[in-house]
Amino acid sequence: VRSILSRRLRKNFVWTSNCNIHLLFQTAHGSMEDAPFSSGLKEIVYENTYITEPEGYGDGARFQRSKVQAVLKQVLKERMEKQKYDPVKGAQIAKQLADDLREKVKLLGYDRYKLVIQVTVGQKIGQAMRIVSRCLWDTNTDNFASEYFENESLYCVCQVYGLYYE
């Protein structure tokens, strides 16, 4: 029944966190009303916390560069130490590394931060390289961490930006 309803009324339903369907019907006046048979379903309503800075969530809520840099260093050493540069697998390695870094940094408890992770992997053949970034952010709440790794055949630069959002 749930799949039939969701196919027929794809435009008029909202998923809640427990995957119940909340159906809405449009009245003649243009307003949306609850479906007559959905009276047993409960809708989740979130209230505003009015907390606009990370300090309101506790001491560990602020993005701490040193902790993130330690995670970067550990993951780069584990994943890239024995890697050889392969131009075909370079993009795949960078994506997997970014996904691993995102999971590990999220475990540090930065729930109120959006994470932007940039990974650059390239062949080391004696060239010079410089990676530069510019950001427009709130210096009180936002921060970043960066780490560099190289072996005899490749280099890898990882940057993690933590941007606070409410």
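Residues numbered from 1 in each chain as written. Predicted model: local features only at pLDDT ≥ 70, side-chain atom pairs only at ≥ 80, totals over all residues. Heavy atoms only, no water.

A. Spatial organisation of the packing of helix α2 (residues 65-80) against helix α3 (residues 90-106). The contact between α2 and α3 brings their axes to 10 Å, and the two run at 140 degrees. The orientation of α2 with respect to α3, classified from their angle, is oblique. Regarding α2 and α3, the two cross each other, and that crossing is right-handed. Of α3, the residues touching α2 (which contributes V68, V71, L72, V75, L76, R79 and M80) are I93, Q96, L97, D100, L101, K104 and V105. The residue makeup of the contact of α2 with α3, split by class, is ten nonpolar, one polar and three charged. (Axes fitted to C-alpha atoms, helices over the stretch in contact; angles between N-to-C directions. Helix = DSSP H or I, 4+ residues; strand = E, 2+ residues; numbered from the N terminus. Parallel < 35°, antiparallel > 145°, perpendicular 65-115°, else oblique. Left-handed = near helix turned anticlockwise from the far one by under 90°. Contact = heavy atoms within 4.5 Å. Nonpolar A, V, L, I, M, F, W, Y, C, P; charged D, E, K, R; others polar.)

B. Layout of the packing of aromatic side chains. All told, the structure shown has seven aromatic pairs when counted by the stated rule. Between Y110 and Y113, the aromatic rings sit 5.9 Å apart at their centres with planes inclined by 80 degrees, giving edge-to-face as the arrangement. Classification of Y113 by relative accessible area gives buried; the value is 5%. Relative to Y161, the ring of W137 lies with its centre 6.3 Å away and its plane at 55 degrees, an arrangement referred to as tilted. Linking W137 in the loop between β4 (113-123) and β5 (143-150) with Y161 in strand β6 (residues 154-164), this pair joins segments that are 24 residues apart in sequence. Accessibility expressed as a relative area gives 24% for W137, which makes it partly exposed. Given a relative accessible area of 7%, Y161 falls into the buried group. Three or more aromatic residues link up through ring pairs in this structure, and these residues are F63, Y110, Y113 and Y164. Taking the ring centre of Y165 as reference, the NZ or CZ of K114 above it sits at 4.9 Å. (Phe/Tyr/Trp six-rings, centres within 6.5 Å; stacked < 30°, edge-to-face > 60°. Buried < 20%, exposed > 50% of the residue type's maximum accessible area, 1.4 Å probe, protein only. Lys NZ or Arg CZ within 6 Å of the ring centre and 35° of its normal.)

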